[in-house]
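Coordinate analysis (summary)
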Amino acid sequence: MGNGPVMLDVLGTRLTAEDEARLRHPLVGGVILFARNYESPGQLSELTASIRALRMPPLLIAVDHEGGRVQRFREGFTRIPAMRELGKFWDEHPRRARHLAQQAGFVLASELRACGVDFSFTPVLDVDHGESSVIGDRAFHSEPQAVAELAHSLLLGLKQGGMPTVGKHFPGHGFVKADSHLEIPVDERSYIDIELCDLIPFRQMVNYGLTAVMPAHVIYPKVDAHPAGFSKVWLKDILRGELGFEGCIFSDDLSMEGAAVAGGIVQRAEAALNAGCDMVLVCNKPDSADELLDGLKWDMPATSKARLAQMHGRPHPKTLVQLHEEAEFVKALREVAGIGMREGELPLI
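Residues numbered from 1 in each chain as written. Predicted model: local features only at pLDDT ≥ 70, side-chain atom pairs only at ≥ 80, totals over all residues. Heavy atoms only, no water.

Brief notes about the environment of arginine 72
Inclusion rule: Every helix listed is a DSSP run of H or I at least four residues long, and every strand listed is a run of E at least two residues long, numbered separately from the N terminus. A contact between two residues is defined here by any heavy atoms of the two lying within 4.5 Å.
Within the secondary structure layout, arginine 72 lies in the loop between β5 (70-71) and α3 (83-92). Taking the C-alpha atoms as reference points, arginine 72 and asparagine 37, 35 residues apart in sequence, are found 8.9 Å from one another. Not counting chain neighbours up to four residues away, the residues in contact with arginine 72 comprise Leu33, Phe34, Ala35, Val63, Asp64 and His65.

With respect to the packing of aromatic side chains
Inclusion rule: Ring geometry is summarised as follows: Phe, Tyr and Trp rings, the Trp one being its six-membered ring, pair when their centres sit within 6.5 Å, and such pairs are stacked at plane angles under 30 degrees, edge-to-face over 60 and tilted between the two. Three exposure classes are used, based on accessible area relative to the maximum for each residue type with a 1.4 Å probe and protein chains only: buried under 20%, partly exposed in between, and exposed over 50%. Two conditions define a charge located above a ring, namely a distance within 6 Å from the ring centre to NZ of Lys or CZ of Arg, and an angle within 35 degrees of the ring normal.
Using the criterion set out here, one finds 11 aromatic pairs in the structure. Aromatic side chains tyrosine 191 and tryptophan 234 sit 5.9 Å apart centroid to centroid with 50° between the ring planes, which places their arrangement in the tilted category. Placement of tyrosine 191 in helix α6 (residues 191-195) and of tryptophan 234 in helix α8 (residues 232-242) is noted, with a sequence separation of 43 residues between them. Since its relative accessible area comes to 22%, tyrosine 191 is described here as partly exposed. Look at tyrosine 220 and tryptophan 234: their rings are 5.2 Å apart centre to centre, the planes differ by 65°, and that puts the pair in the edge-to-face class. A residue pair is termed long-range when its members are at least 10 positions apart, and tyrosine 220 in the loop between β8 (212-215) and α8 and tryptophan 234 in helix α8 qualify at 14 residues. This pair shows no difference in class: tyrosine 220 is buried, exactly as tryptophan 234 is. Three or more aromatic residues joined by ring pairs make a cluster, and in this case those are Phe170, Tyr191, Phe202, Tyr220 and Trp234. A cation over a ring is seen here: arginine 189 above phenylalanine 175, with NZ or CZ 4.1 Å from the ring centre.

Digging into the pattern of salt bridges
Definition in use: The term salt bridge refers to a pairing of a side-chain nitrogen on Lys or Arg with a carboxyl oxygen on Asp or Glu at a separation within 4 Å.
For the structure on display, the rule yields 20 salt bridges. We note a salt bridge from lysine 88 to glutamate 85, for which the minimum N-O separation is 3.4 Å. Of the two residues, lysine 88 and glutamate 85 both sit in helix α3, three residues apart, roughly one turn of that helix. The partner of glutamate 188 in a salt bridge is lysine 222, and the shortest N-O contact between them spans 3.7 Å. Of this pair, glutamate 188 sits in the loop between β7 (166-170) and α6 while lysine 222 sits in the loop between β8 and α8, and the two are 34 residues apart along the sequence. You can call glutamate 188 partly exposed: its relative accessible area is 48%. Connected through shared salt-bridge partners, Asp64, Glu66, Arg138 and Lys168 make up one network.

Structure follows, in structure tokens:
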């Protein structure tokens with residue numbers, strides 16, 4: 001029996017009976033972890049092992065672990081810099097910036113894989129237009145080409161560490177001021193303006209082998225009345241058709257205010273799946289999760305199952321102890337810990 005199209009969260013640092021019952025539901029296919037699910041690398045490894053043991057094939061395990069202010073696991077993990085720090089290096093020394101981006105991806109992926117996490121929702125491919133507070137220093141750069149090249153290097157590092165990649169927030173969340181967690185942002189630009197700027201990193205990353213994409217809860221009324229994550233135009237015609245993307249599409253969190261236009265939680269999930277998403281996320285609202293599992297009727301297409309199967313991390317990852325005995329990893333660790341340091345400071349290892 002396969003897994004379903006819903007990704008949920010769990011309550012704490014160990015699975016409760018309530019978590020286990022939810023995760024065994026046939027519609028569930030993945031788990032997203034948050035800071036509240038983390039105490040230490042050892043505890044995280046136990047939690048991910050207990051999630052994997054619940055079903056065959058095992059559920060996907062994901063986290064938002066980009067670096068900077070979006071890093072869910074901190075104590076016992078390397079501090080990954082905000083992607084903007086790599087963009088600053090790019091302005092001075094593009095080759096060095098690409099090297100550091102690859103090292104950051106390698107460290108990020110290796111540490112998460114060592115603790116049983118399949119993938120992180122990264123890289124952020126949004127172009128920084130200096131407008132969005134919610135994106136801000138999560139974006140590599142204000143130049144689309146710099147975003148594409150740094151994200152490509154990060155992808156190579158993530159792959160080296162055994163991890164697939166998720167580009168977000170398609171087709172670009174960087175131009176709007178509003179925070180889609182709290183309201184529905186509207187981007188009034190024409191398709192051609194978006195295509196000539198924000199779509200560049202997505203187009204290039206699709207060609208570089210990006211595994212998955214997460215669309216933005218943003219409305220682009222000159223292209224379609226629906227937010228991108230609920231839009232066949234954006235997901236089927238543009239992302240799949242124009243850009244030729246064949247990987248996995250994850251909805252952004254359906255509990256966010258930006259998703260409210262689609263109705264209740266079951267309607268939101270149906271709208272996202274019908275628009276072309278392969279998996280939908282419902283976070284931080286157990287009641288909504290239960291309502292969705294009770295109400296959603298959905299037969300997963302074979303294509304979605306195949307795409308989701310690509311999201312498992314590379315099997316038999318090295319442990320943290322093994323990683324710290326490897327010269328290549330230790331070198332990467334030191335370089336990543338040094339990003340954002342000022343002259344004369346020592347990295348905190």
